[in-house]
Amino acid sequence: MKKDMQRISFVPSKAFRVQIAKMTTASVGPAVLPDEDRIETLCHALGAVRERVDAIGSERQVRLVAVSKLKPASDIYALYEKSGQRHFGENYVQELVEKAAVLPKDIQWHFIGSLQSNKCGLLANIPNLFAVETIDNVKKARRLNEARKAASEGRSGVGKLKVFIQVNTSGEDNKSGASPGEEVLDVAKYITTECEFLELQGLMTIGSIARSHAVAGGESENPDFSTLMKEKHAIESAVPKVGLLELSMGMSEDYEVAIRQGSTNVRVGSTIFGARPPKTSI
Ligand SMILES: *Cc1c(COP(=O)(O)O)cnc(C)c1O
């Protein structure tokens, strides 16, 4: 009991907060080029993924988002400067804000992490945020819409923010996302009718790792990706004024299958940047 009380009343000292801030900044680092070896490794890995993406998705435009979470700003800068990469994905708001501040302003950021209401303001104020891909309920849509409205007041150039609805296609408890069917439809309707500062761009899923492994390298379809495609068609026919929706699906393990199944936005991290450090070391 006493222990709990202490924990609740714990307020970090200023020194502690400064120390934490320094640690986070150190992990992001300045936007300088890394050493030659690192540049070559990164550009080579990105080039290989791009080649696969272009070969499989040749009949349409597929956007390659390089997922740079927990990787230093110098890695991002290398791909920006030496490979012309512009779309990058981040999972943690604080890290994204720090990187956006030090990196070129024409980078197109994707927020792909779980969205907390109290972070909507920070996100909505990033001028070169391309999209938030993880809206999965009405409340988050409302909060982000309000935040974007506030961010645009008295400022020009802060237009509608593109959003994707995250769908839990695999039905796993540990996955975020709206359930296929009614839930997804409700969020889609809410965004298109009530959110003046948001634009529904598409649907996003992560999918089950087990299913992804089961179809890897083979010719069969991933049922999670089929589900997302079905949801897209359902929304396009049921929600007026929605237009054609994009599909954000496919990661390092399964982006090729995802493109074959209609993905327009793949999110590839470790295949480009190498394995990530555990989150706790930030
Ligand atoms: C980390 C992450 C990715 C990239 O995963 P890799 O397997 O490293 O390619 C893609 N999407 C989301 C939502 C992620 O959190």
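This text follows the structure it describes.
Now for a look at the structure at hand. (Residues numbered from 1 in each chain as written. Predicted model: local features only at pLDDT ≥ 70, side-chain atom pairs only at ≥ 80, totals over all residues. Heavy atoms only, no water.)

Focus: the nonpolar core
Within the largest apolar cluster, 70 residues are counted, with the highest numbers of intra-cluster contacts made by Trp109 and Val132. Per element, the largest residue contribution to this core is 7 residues, and it comes from helix α3 (residues 36–56). (Core = buried A, V, L, I, M, F, W, Y, C linked by side-chain atoms within 4.5 Å. Buried < 20%, exposed > 50% of the residue type's maximum accessible area, 1.4 Å probe, protein only. Helix = DSSP H or I, 4+ residues; strand = E, 2+ residues; numbered from the N terminus.)

A closer look at the pairing of strand β1 (residues 63–67)
In the case of a regular strand, side chains alternate between the two sheet surfaces. Most of β1 sits out of view: 5 of its 5 residues are buried. By the alternation rule, side chains of β1 split into Arg63, Val65 and Val67 and Leu64 and Ala66, which are all buried. As defined by bridge partners, β1 adjoins strand β8 (residues 265–268) across 4 bridges and the pair is classed as parallel. What sits directly across from Val65, in β8, is Arg267. Note that β1 and strand β2 (residues 87–90) share 2 bridges and pair parallel. Looking at the pairing, Val67 lines up with Gly89 of β2. Once you follow β1 into helix α4 (residues 73–83) and on to β2, the crossover reads as right-handed. (Pairing = 2+ DSSP bridges. Right-handed = clockwise from strand over helix to strand, strands pointing away.)

Section: helix α7 (residues 138–152)
End to end, α7 covers 21 Å across 15 residues, agreeing with the expected 21 Å (1.5 Å per residue, within 8%). Every buried residue of α7 is listed here: Lys140, Ala141, Leu144, Asn145, Ala147, Arg148, Ala151 and Ser152. Down the axis, α7 shows its buried residues gathered within 165 degrees of arc, on one side only. Regarding α7, its N-cap is Asn137, as a side-chain oxygen of that residue lies 3.2 Å from the backbone nitrogen of Lys139 further along. Gly154 sits one or two positions beyond α7 and adopts a positive phi of about 70 degrees. (Expected span 1.5 Å × (residues − 1). Arc of directions from axis to C-beta. Polar contact = N/O pair within 3.5 Å; in protein donor to acceptor, adjacent residues only side chain to side chain.)

Function cannot be inferred from these measures alone, as they are strictly geometric.
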